[in-house]
Amino acid sequence: MQRLIPVLNSDHVPLHLISVINTLLTAAKEISHRLHQGSLAGTLGSTLDANIQGEVQKKLDVVSNQLIKNMLLETQLVHAVASEEEDEVVMGNPDAKYLVAYDPLDGSSNIDINGSVGTIFSILEKPDHPAEGTELFLQTGDEQIAAGYILYGPSTLLVMTTGNGVRVFTLDHTVGEFLLTVDTVTIPQETQEFAINMSNQRHWTTPMQKYIDDLLRGTEGPRAKNFNMRWNAAMVSDVHRVLTRSGIFTYPADLRNPDKPCKLRLMYEANPMSFLMEQAGGRATTGYERIMSIQPEHIHQRVSVIMGSRKEVDTCLTYFKKYPCNRPDAK
Ligand SMILES: O=P(O)(O)OC[C@H]1O[C@](O)(COP(=O)(O)O)[C@@H](O)[C@@H]1O
Ligand SMILES: [Mg+2]
Ligand SMILES: [Mg+2]
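Calculation criteria
- Residues numbered from 1 in each chain as written.
- Chains lettered and ligands numbered in written order.
- Predicted model: local features only at pLDDT ≥ 70, side-chain atom pairs only at ≥ 80, totals over all residues.
- UniProt positions renumbered as here; feature names shortened; annotations may be inferred.
- Helix = DSSP H or I, 4+ residues; strand = E, 2+ residues; numbered from the N terminus.
- Buried ≥ 20, exposed ≤ 12 C-beta atoms within 10 Å, placed from the backbone.
- Contact = placed C-beta atoms within 7 Å.
- Domains from an automatic or database assignment.
- Nonpolar A, V, L, I, M, F, W, Y, C, P; charged D, E, K, R; others polar.
- Pairing = 2+ DSSP bridges.
- Axes fitted to C-alpha atoms, helices over the stretch in contact; angles between N-to-C directions.
- pLDDT = per-residue confidence, 0-100.
- Near = placed C-beta within 6 Å.
- Parallel < 35°, antiparallel > 145°, perpendicular 65-115°, else oblique.
- Left-handed = near helix turned anticlockwise from the far one by under 90°.

(A) Local environment of the UniProt feature "binding site: substrate" (unreviewed entry) in the protein chain. Feature annotation in UniProt places "binding site: substrate" (unreviewed entry) on Asp106, Gly107, Ser108, Ser109, Asn197 and Lys263, given in this structure's numbering. Counting through the fold element by element, glycine 107 comes out in the loop between strand S5 (98-106) and strand S6 (117-125). Its 21 C-beta neighbours within 10 Å are what place glycine 107 among the buried residues. In contact with glycine 107, not counting residues within four places along its chain, are Ser116, Val117, Gly118, Ala233, Ala234, Met235, Val236 and Ser237. Among residues more than four places away in sequence, those in contact with serine 108 are Lys58, Leu60, Asp61 and Val117.

Right, here's the structure in full:
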């Protein structure tokens, strides 16, 4: 089985970018180790703090963030990092060109129940125009040069793209290396599986209500087939299932709280996952526009997410055309 670095070399990924990715993976191996140690590592449970988004921070959110941030900045190859767990952009080497946005631990409510969690990353380059701090990162998803996630499940997987398809690498704990296990990930265009947090149903706007209603009506409804539902409450593992065996994953904008109509973050959740989806032949949209075309306004911006099998996402989009409504996420 091929090791990661020769694979990236054969894809002509620049050496410094390979080093940045490899550094992320060194941090991921440490996170994987701590997760596998569970209570023995003394890092389960919550801190007394909340992050910039007012969410409870798990101790492992904080530890993972520190590990990734410190290791990346030590390489001197990174100009700045943006993290879910950092209020502001953290500056690195002024002469370096890479920018890394990341969610150090995604699905962190799963930590205490020994469920799957992940790390999501998105790599950009310093823009050509003069920019500082947050401005550096305000680039569309189309500008990403690499993106992916590490899934800490029964095995630890790296799923990534540098714009040349999607590959899966599996961490071989005996040698401490990620080895290529799937060369080309392709999402089936059609599906009979959806992923949504159904407890939010009453808050959804009309298009999503109607779409999910029709899925639930199965063979007796207009879709004339039965759909299954899965929800792991960790975007990484829900998206991984979709990439592996088809599906549609959505966390739509809703009417629950007008100040926070969306849950998932654009820069370090939606954009990197959209890059993977599109590279694997799927789609990623808000219901109204392609996610990777959105011009970000701030690093912790949230966005409505609908992604997965191409034909299923297209079918979902027909409901947004058919049932026009006020967008809760409109400015
Ligand atoms: O608890 P809910 O509302 O189902 O939300 C689950 C979603 O929230 C997230 O856990 C948010 O990520 P974080 O754990 O990084 O904050 C996603 O991974 C997941 O899809
Ligand atoms: Mg997350
Ligand atoms: Mg997180």
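(B) Expanded view of the domain arrangement of the protein chain. When cut into domains, the protein chain gives domain 1 (4-182) and domain 2 (193-322). Taking only C-alpha atoms, the centre of domain 1 and the centre of domain 2 are 23 Å apart. At the junction of the two partners, domain 1 supplies 36 residues and domain 2 supplies 29 residues. Breaking the side of domain 1 that touches domain 2 down by element, the ones donating at least two residues are S5, S6, helix H4 (134-137), strand S7 (146-152) and strand S8 (156-161). Among the elements that make up the side of domain 1 that touches domain 2, the one with the highest residue count is S6 (five residues). For the side of domain 1 that touches domain 2, the residue count by class is 15 nonpolar, 17 polar and four charged.

(C) Layout of the sheet that holds strand S4 (residues 90-91). The eight strands lie next to each other as S4-S3-S5-S6-S7-S8-S9-S10, forming an open sheet whose pairing is mixed. The open sheet has two edge strands with one neighbour each: S4 and strand S10 (177-182). Summarising the sheet, strand S3 (residues 78-83) and S4 pair through two bridges and their orientation is antiparallel. When the sheet's bridge partners are listed, valine 81 is paired in S4 with valine 90. Sitting on the sheet, helix H7 (residues 266-279) touches S3, S5, S6, S7, S8 and strand S9 (166-172), and the angle it makes with S6 is about 85°.

(D) A look at the confidence of the model for the protein chain. A residue-level look at the protein chain finds 97% of positions with pLDDT of 70 or above and a mean pLDDT of 95. Two numbers describe this predicted complex: its pTM, 0.96, and its ipTM, 0.98.

(E) Fine view of the environment of arginine 283. In this fold, arginine 283 is placed in strand S15 (residues 283-285). Separated by 215 residues in sequence, arginine 283 and isoleucine 68 place their C-alpha atoms 29 Å apart.

(F) Looking closely at the site of ligand 1. Around ligand 1, 13 residues are found, and the nearest of them are Asp106, Gly107, Ser108, Asn197 and Met235. Secondary structure elements with two or more residues in the shell around ligand 1: S5 and helix H6 (235-245). Across the shell around ligand 1, the residue classes tally to four nonpolar, three polar and six charged. Taken together, domain 1 (4-182) and domain 2 (193-322) each give at least three residues to the shell around ligand 1, which thus spans both.

(G) Main features of the environment of phenylalanine 169. Positionally, phenylalanine 169 belongs in strand S9. If we ignore the near neighbours within four places in the chain, the residues touching phenylalanine 169 are Leu4, Leu157, Leu158, Phe178, Leu179, Leu180 and Thr181.

(H) Representation of the packing of helix H2 (residues 15-37) against helix H3 (residues 59-74) within the structure. For the pair H2 and H3, interaxial distance at closest approach is 9 Å and the crossing angle is 155°. Between H2 and H3, the angle is such that the two are roughly antiparallel. At the point where H2 passes H3, the crossing takes the right-handed sense. Packed against H2, whose contacting residues are Val20, Thr23, Leu24, Thr26, Ala27, Glu30, Ile31 and Arg34, the element H3 presents Leu60, Val63, Ser64, Leu67, Ile68, Met71 and Leu72 at the interface. Considered class by class, the residues forming the contact of H2 with H3 number ten nonpolar, three polar and two charged.

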